[in-house]
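Coordinate analysis (summary)
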Amino acid sequence: PKVRLDASFGSTLPLGGNAAFASQSGALGEIVLATAKAVRLGLSHFVSLGNRADVSSNDLLEFWADDPETGVIMLYLESFGNPRHFGRIAREVTRQRGKPILAVKSGRTRQGARAASSHTGSLAGGDRAASALFKSCGVIRCDTVAELFDLGRGFCTQPLPGGKRVGILTNAGGPGIMATDAAVHFGLDMADLQPDTQVTMRKVLPVEASVANPVDMIASATAPQYRVCSEALLRDPGVDALLAIFVSPIVTDKLQVTRALIEGVQAAGQNKPVLACFMGFDAQDEGITLLADAGIPNYPFPDAAARTLAAMHRFQAYRDEPEGKPVRFKVDKAKAKALIDGAKAQGREWLDGAAAMELLQAYGVPTVESRRVHTPDEAIAFADALGYPVVLKLDSEQVVHKSDVGGVKVDLRSPGEIKGAFWDLQQRLNELGVTDAAFLVQRMVAGGQETIIGAVADETVGHLLMFGLGGVFVELMKDVAFAVHPLTDADADRMLREVRGWPLLAGHRGSAPRDVALLREVLLRLDQLVGDFPVIAEMDLNPFMAAPVGQGSVAVDARVRLSSR
Ligand code: ADP
Ligand code: MG
């Protein structure tokens, strides 16, 4: 620390502090330095990565992991050098060292030149891969550089909250409501204040004030009231964090209020985060300097403060979560290899429908009873053995989305209906000029909740696993969750719970809960499959029918595309 070096062409020297900053953009670097100084964010190191000829952001992460001067790491990235390596070292930094990493990632990945054809493939485009990678290693993603600074100032100066219950203290109603809305919006809870706390505050406040949370001391609030109420709120065991708002009316001495808040915080002596939202001050204001000197970050608007607190809570929650373990199943890898090699030998890009089903079976994924046939008689023989109703569908490499061309006939209840469906499908094939078609006969699965479970190879981060609810949930609402390979059991659990449709699986309004343990297992088995066979470019089970426990959840449609490389 006694030796300082400036090897940049920047004109601003930052203040010393505990945030390390790496920027992949040199031009942004100068602005970062100026902004850091203006908002009094102290830096341990600032690195402009240039063209990364030698030192990468991963190298810096490794160095900062051990650097005692660095407590928070801030990144502006346009690409990942080696995403696998990034994931591993970032997880080490966040989990083992407890240092938060805040990142802005711009330069959204181009969707591959080859148009993705499965749902999983097309949904994975854009920016999902980077988000999934960040999530897997606890990196907090910021949408903008401004947000990066907001969060950075909170993480650098304040302890992490023990929970998500926030107490709000204000002298103005509007900002108090804004802060409350923002806190709830970002996933925090409003603390329920203990009677003792309310009594303490009531003693110093006028009757018009509200001592419920948000505590509105009204515009006449004085410095001594700020002093008493901030201390009381912080001492309340039901309060995990304090957001103190002050709108400066001309009658109140701003500096006195600032000092009173600082005194209240110090008197409380709690290890809880305190964020200020002293509105209408400018950056040079003495009050802001006082707050900064006391280590309390100030935000011009309540939503930025609430967002920061919420991110701090999420980071604490991430660190409290069990880390999760990789899971390996006993599978028939030789069988899977034979199927994949067979398809390659035939020059196929897509496995045929029957082979895709067999591949799943080799990896222990339950599939519907299914047979590949060429004639109505074969179909009827299989249906007679299986029992009615059945489903008849096209199986052709030239038809990727079968129902789009009328290629799926469900609920066939007799040999006569099978013959009719066969005839229809033949017509469709003739119209489409498809020559390679066979047909699949399947048991008709009733009453399952359709889900989609898939994997896709992303050009930067490797395989991504995907989970979502089928039908309109995935097609219209894009309600899906992604995670990067390799998954842990905890990752798979998180994916299931992350989709908005989760209540439909957990049991919603009397509907039976689905076999979510099996869904989790299927995700992990697919994860193992794509890990064993990186040649799988994309695959999805769409739908995988999720039934209640023990009632036969199965995949009824599977697509597997092999990479041409
Ligand atoms: P594609 O996705 O190529 O259009 P699918 O095989 O997924 O073809 O069939 C389309 C839809 O038909 C499925 O989403 C599902 O709703 C229904 N379906 C297909 N096979 C079955 C089956 N065996 N049992 C019940 N429903 C089925
Ligand atoms: Mg389908």
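Okay, so let's go over this structure.

1. Some remarks on the overall build of the protein chain
Along the backbone of the protein chain there are 20 helices and 20 strands. Dimensions of the protein chain along its principal axes, counting C-alpha atoms only, are 90 × 60 × 40 Å. Sorting the 565 residues of the protein chain into buried and exposed places 53% on the buried side. When the accessible surface of the protein chain is summed, it comes to about 24,700 Å², and 53% of that surface belongs to carbon and sulfur atoms. Distance between charge centres in the protein chain, computed from 59 positive and 66 negative side chains, equals 2 Å.

2. Quick word on the sheet that holds strand β4 (residues 101-105)
Across the sheet, which stays open at both edges, the 5 strands sit in the order β2-β1-β3-β4-β5 with parallel pairing between neighbours. What marks the edges here is a single partner per strand, and that holds for β2 (43-48) and β5 (140-142). If you compare each strand with its neighbour and ignore which way they point, the axes differ by 20° on average. Pairing analysis gives 6 bridges linking strand β1 (residues 16-23) to β2, with the strands arranged parallel. Paired with serine 23 across the two strands is serine 48, which belongs to β2.

3. A few points about the site of ligand 1
By nearness alone, 18 residues border ligand 1, and Lys393, Lys402, Ser403, Val445 and Glu450 come closest of all. Taking valine 445, its main chain carries an N or O atom lying 2.9 Å from a nitrogen atom of ligand 1. Taking arginine 559, its side chain carries an N or O atom lying 3.3 Å from an oxygen atom of ligand 1. Protein contact buries 86% of the 540 Å² of open area that ligand 1 shows by itself. The set of elements that each furnish at least two residues to the shell around ligand 1 consists of β12 (390-395), β14 (438-443) and β18 (536-546). For the shell around ligand 1, the element with the most residues is β18, which contributes 3 residues. Here the shell around ligand 1 is built from residues that sort into 8 nonpolar, 4 polar and 6 charged.

4. Topic: the sheet that holds strand β13 (residues 408-412)
The strand order β11-β14-β12-β13 describes an open sheet built from 4 strands, whose pairing is antiparallel. For this open sheet the edge positions go to β11 (370-373) and β13, each flanked by a neighbour on one side alone. Each neighbouring strand pair of the sheet contributes to a mean axis angle of 20°, computed without reference to strand direction. Bridge count between β12 and β13: 3 bridges; the pairing is antiparallel. Paired with leucine 392 across the bridge in β13 is lysine 409. The sheet strands contacting helix α14 (residues 353-362) are β11, β12 and β14, and the helix crosses β14 at an angle near 45°.

5. Some words on helix α18 (residues 489-498)
Among the residues making up α18, those that are buried are Asp489, Asp491, Ala492, Met495 and Leu496. All buried residues of α18 fall inside an arc of 165° around its axis, so they share one side.

6. Considering the side chain of threonine 308
Following the sequence through the fold, threonine 308 ends up in helix α12 (residues 302-320). For threonine 308, a relative accessible area of 0% translates into the label buried.

7. Brief notes about the coordination of the magnesium ion (ligand 2)
Of the protein atoms, only Asn542 (O) and Asp557 (OD) coordinate the magnesium ion (ligand 2), at distances of 2.1 Å. Taken together, the positions of asparagine 542 in strand β18 and aspartate 557 in the loop between β19 (554-555) and β20 (558-562) put the pair 15 residues apart, joining distant regions of the chain. Comparing asparagine 542 with aspartate 557, the two get one shared label, buried.

Conventions used here
- Residues numbered from 1 in each chain as written.
- Chains lettered and ligands numbered in written order.
- Predicted model: local features only at pLDDT ≥ 70, side-chain atom pairs only at ≥ 80, totals over all residues.
- Heavy atoms only, no water.
- Helix = DSSP H or I, 4+ residues; strand = E, 2+ residues; numbered from the N terminus.
- Buried < 20%, exposed > 50% of the residue type's maximum accessible area, 1.4 Å probe, protein only.
- Areas by Shrake-Rupley, 256 points an atom, 1.4 Å probe, with all protein chains shown as cover.
- Lys, Arg positive; Asp, Glu negative; His and termini not counted.
- Charge placed at Lys NZ, Arg CZ, Asp CG, Glu CD.
- Pairing = 2+ DSSP bridges.
- Axes fitted to C-alpha atoms, helices over the stretch in contact; angles between N-to-C directions.
- Near = heavy atom within 4 Å.
- Polar contact = N/O pair within 3.5 Å; in protein donor to acceptor, adjacent residues only side chain to side chain.
- Nonpolar A, V, L, I, M, F, W, Y, C, P; charged D, E, K, R; others polar.
- Contact = heavy atoms within 4.5 Å.
- Arc of directions from axis to C-beta.
- Donors = N, O, S within 2.8 Å, 3.2 Å for Na, K, Ca; no water.

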